[in-house]
Amino acid sequence: MIINYQNLRNWVLGSWRGFLVIEILCMGLGFTYFFFAPKIYEADFAVRLPKVQVVSEASPKKIEWNTAISGLDYLRSMQNPLGYSQEFMHDCMGADTNQNRKDWVNALQIGLKNRGDIIQFSIRLEGEKRVLLCAKQFQLVVMQDLNGYYEGALIKAKIENEEAKKNLQFEKASVVEDIRLSDGLIRPNLKKILIGSILLGIFLTIFFSALRKKYRS
Amino acid sequence: MNSSIPSRGECVIALVLGCIVNSLIFFYPIPVYYFPDVVLLLYLAYKFRDLNQALSPIFFISLALLLGYYFFSPEPPQTEFQNNYLVSLKPFLYLCVLAIYCKNVPQLDLKKWLRIFLWIYPLILLWNLFLVHLDENASLLQLMTRRPYFIFENNFEITLYLNCFTALFFIFGQR
């Protein structure tokens, strides 16, 4: 495909009416999507992982703080659709189906904060009340999970009890940022939709003029 | 006389121009980070008339990457700032431009300009320090801790300076 000024000029002069029509249609499509998109709300909260003190292997006199489970490992386990109980799925998503489980995992956005010892959860679902209920239930699940890891670390420390390990300290999981609802509806990004529809119009015009050229000749 | 070696007069003119630009940027806060893109845009608009070449697949690949990253990168939670800077996507944009304009590169004798830049840049930095001394009445000790600049922040300019040196020394072989 040769691109030059004359070709471009001829093409623009020849197809500007079609371009305008397609562009208006695409913008209309974009605005329709913007106004009729599902009413998504967002809830955010952050949790600090349980921490344990361990005796450093390199220098036995030194004591270090570690997390009872690494943030990344926990994050990965949260993305398993089968990792949630039936009751949780009933309360939050209405019914315990495989599709609902996958939808739930897709509604979650998880990130590590601080030095990887704080996990932030962001949940996006339809309906303000539903997302609040889900966030509360989910926070309970997360805290139970993390405190389970905390108990495990305690037991492990008792089994390996030596003189040096007697004064080790432990820290339970805690909620750092409590559940916070979005100010209102989370609308789709208008700027991206507009740019997207303009670009779509340009691409469709190119496509249709190529089709016309191919079949009219 | 070798035309790639600048005369003394040209060097002095370039130095004076550089000092004027530096003083303008020093005293009036102009958004300088748009300069390179504005220059590029002006060049693209100027050379648009001469466009005449086959469109390489590189253009479509980089366009797909650019649009893909722009439209499909995840939105942050509402409690975090939206990242509106497209700096990380700029390379794809530049690749697209290169794929369209690679037959229309600027016909400029780089050797001469590289030489001039290598000579005048340290002097412009000294000029910048002098301006700081004028403006803040800074002592020599305070000036030692400054990081003088020409147009941008120091970090970017040192890279450019080193690249100019490398190009002149190794690619053009002017030792």
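Please read these numbers as outputs of a predicted model, since none were measured by experiment. (Residues numbered from 1 in each chain as written. Chains lettered and ligands numbered in written order. Predicted model: local features only at pLDDT ≥ 70, side-chain atom pairs only at ≥ 80, totals over all residues.)

Details of the overall build of chain B
Along chain B, the regular secondary structure elements total seven helices and one strand. Taken from the N to the C terminus, the helices and strands of chain B come in the order α-α-β-α-α-α-α-α. Relative to the globule expectation of 16 Å for 175 residues, the C-alpha radius of gyration of chain B, 21 Å, shows a markedly less compact shape. Summarising its shape, the C-alpha atoms of chain B cover approximately 55 × 50 × 30 Å along the three principal directions. For chain B, buried positions account for 5% of its 175 residues. Excluding contacts between residues fewer than 6 apart, the proportion of contacts in chain B whose partners are at least 24 apart in sequence is 77%. (Helix = DSSP H or I, 4+ residues; strand = E, 2+ residues; numbered from the N terminus. Rg over C-alpha atoms; globule rule 2.2 N^0.38 Å. Buried ≥ 20, exposed ≤ 12 C-beta atoms within 10 Å, placed from the backbone. Contact = placed C-beta atoms within 7 Å.)

Digging into the nonpolar core
In a soluble, globular protein the nonpolar side chains are often hidden away together inside. All names here are of chain A. Counting residues in each nonpolar core, the largest one holds 22 residues, and the members touching the most others are F45, V47, I119, I123, V131, C134 and A135. When contributions to this core are tallied by element, the ones reaching two or more residues are strand 2 (40-48), strand 6 (118-126) and helix 5 (128-159). Residue contributions to this core peak at seven residues, all from helix 5. Setting aside residues up to four positions removed in sequence, I119 forms contacts with A46, V47, L49, G71, Y74, L75, I110 and L112. (Core = buried A, V, L, I, M, F, W, Y, C linked by C-beta atoms within 7 Å.)

Section: the packing of helix 3 (residues 86-93) of chain A against helix 4 (residues 98-107) of chain A
Residue and element names in this part refer to chain A. As a packed pair, helix 3 and helix 4 sit with axes 11 Å apart at the nearest point and diverge in direction by 75°. With respect to their mutual orientation, helix 3 and helix 4 come out roughly perpendicular. Here M89, C92 and M93 of helix 3 come into contact with helix 4, specifically with N100, R101, D103 and W104. Along the lines of polarity and charge, the residues of the contact of helix 3 with helix 4 split into four nonpolar, one polar and two charged. (Axes fitted to C-alpha atoms, helices over the stretch in contact; angles between N-to-C directions. Parallel < 35°, antiparallel > 145°, perpendicular 65-115°, else oblique. Nonpolar A, V, L, I, M, F, W, Y, C, P; charged D, E, K, R; others polar.)

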